Amino acid sequence: WMAAQSVFYHLYNQVSYMSLDEISPLTFSIGNTMKRISVIVSSIIIFQTPVQPVNALGAAIAVLGTFLYSQAKQ
């Protein structure tokens, strides 16, 4: 499993660098933030991870900040 994880992580990094050549850093950053949100939400749904109010507030601030930044750049 460790070897497979290493290979997939390496491929993830390769795709990330290749993507940076094709898109703007802002788009890449927003995509990365959305990826993190999807991991958090799927872990809450699949593993039924309890969410403290302060954690939900932090996630909401991060999402709102990313949205507002993308709107300001347009």
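An unreviewed UniProt entry annotates the chain as Sugar phosphate transporter domain-containing protein originating from Genlisea aurea. The UniProt entry for the chain carries this comment under Subcellular location (unreviewed entry): "Membrane".

Draft legend 1. Structural context of the packing of aromatic side chains. Going through the model one piece at a time under the given rule, you end up with one aromatic pair. Ring centres 6.1 Å apart and planes at 35° place the aromatic pair Y9 and Y12 in the tilted group. With a gap of three residues between them, Y9 and Y12 both fall in helix α1 (residues 2-22), about one helical turn apart. We classify Y12 as partly exposed; its relative accessible area is 36%.

Draft legend 2. Here's a closer look at the UniProt feature "domain: Sugar phosphate transporter" (unreviewed entry) in the chain. Here, UniProt's "domain: Sugar phosphate transporter" (unreviewed entry) annotation points to residues 2-70. Across residues 2-70, the secondary structure splits into 90% helix and 0% strand, with the terminal C-alpha atoms separated by 37 Å.

Draft legend 3. Representation of helix α2 (residues 25-47) within the structure. Helix length check: α2, at 23 residues, gives a terminal C-alpha distance of 32 Å against a target of 33 Å (1.5 Å per residue), a fit within 8%. Phi turns positive one or two residues past the end of α2, at Q48, with a value near 50°.

Draft legend 4. Quick look at the environment of Y12. Along the sequence, Y12 and F67 sit 55 residues apart, while their C-alpha atoms lie 24 Å from each other. For Y12, the residues in contact, after removing those within four places along its chain, are N32 and K35.

Draft legend 5. Expanded view of the packing of α1 against α2. Contact geometry of α1 with α2 gives a least axis separation of 9 Å together with a crossing angle of 145°. Residues Y12, S16, S19 and L20 of α1 lie in contact with α2, whose contacting residues are P25, F28, N32 and K35. Split into classes, the residues belonging to the contact of α1 with α2 amount to four nonpolar, three polar and one charged.

Draft legend 6. Quick peek at unusual backbone geometry. The phi torsion at Q48 lies on the positive side, around 50°, for a residue other than glycine. Residue position: Q48 is located in the loop between α2 and α3 (53-73). By relative accessible area, which is 67% here, Q48 ends up exposed.

What counts as what
- Residue indices begin from 1 for each chain and proceed along its sequence in written order.
- Totals for whole chains, interfaces and linings use all residues, but because this is a predicted model, local features are given only for residues with pLDDT of at least 70 and pairs of side-chain atoms are given and counted only at 80 or more.
- Water and hydrogen atoms play no part in the side-chain values, which are based on all heavy atoms of the structure.
- UniProt positions are given in the numbering used here, feature names are shortened, and annotations may be inferred rather than shown by experiment.
- We call Phe, Tyr and Trp rings a pair once their centres come within 6.5 Å, taking the six-membered ring for Trp, and we label the pair stacked below 30 degrees between planes, edge-to-face above 60, and tilted otherwise.
- Working definition: helices are DSSP H or I runs of at least four residues, strands are E runs of at least two. Numbering for both runs from the N terminus.
- We call a residue buried when its accessible area falls under 20% of the maximum for its residue type, exposed when it is over 50%, and partly exposed in between, using a 1.4 Å probe and counting protein chains only.
- Expected helix span is given by 1.5 Å per residue-to-residue step, counting one fewer step than there are residues.
- Note on contacts: a residue pair is in contact if any heavy atoms of the two residues lie within 4.5 Å.
- Lines fitted to the C-alpha atoms define the axes, with helices restricted to the stretch that makes contact. Angles between their N-to-C directions range from 0 to 180 degrees.
- Amino acid classes used here: Ala, Val, Leu, Ile, Met, Phe, Trp, Tyr, Cys and Pro are nonpolar; Asp, Glu, Lys and Arg are charged; the rest, including Gly, are polar.

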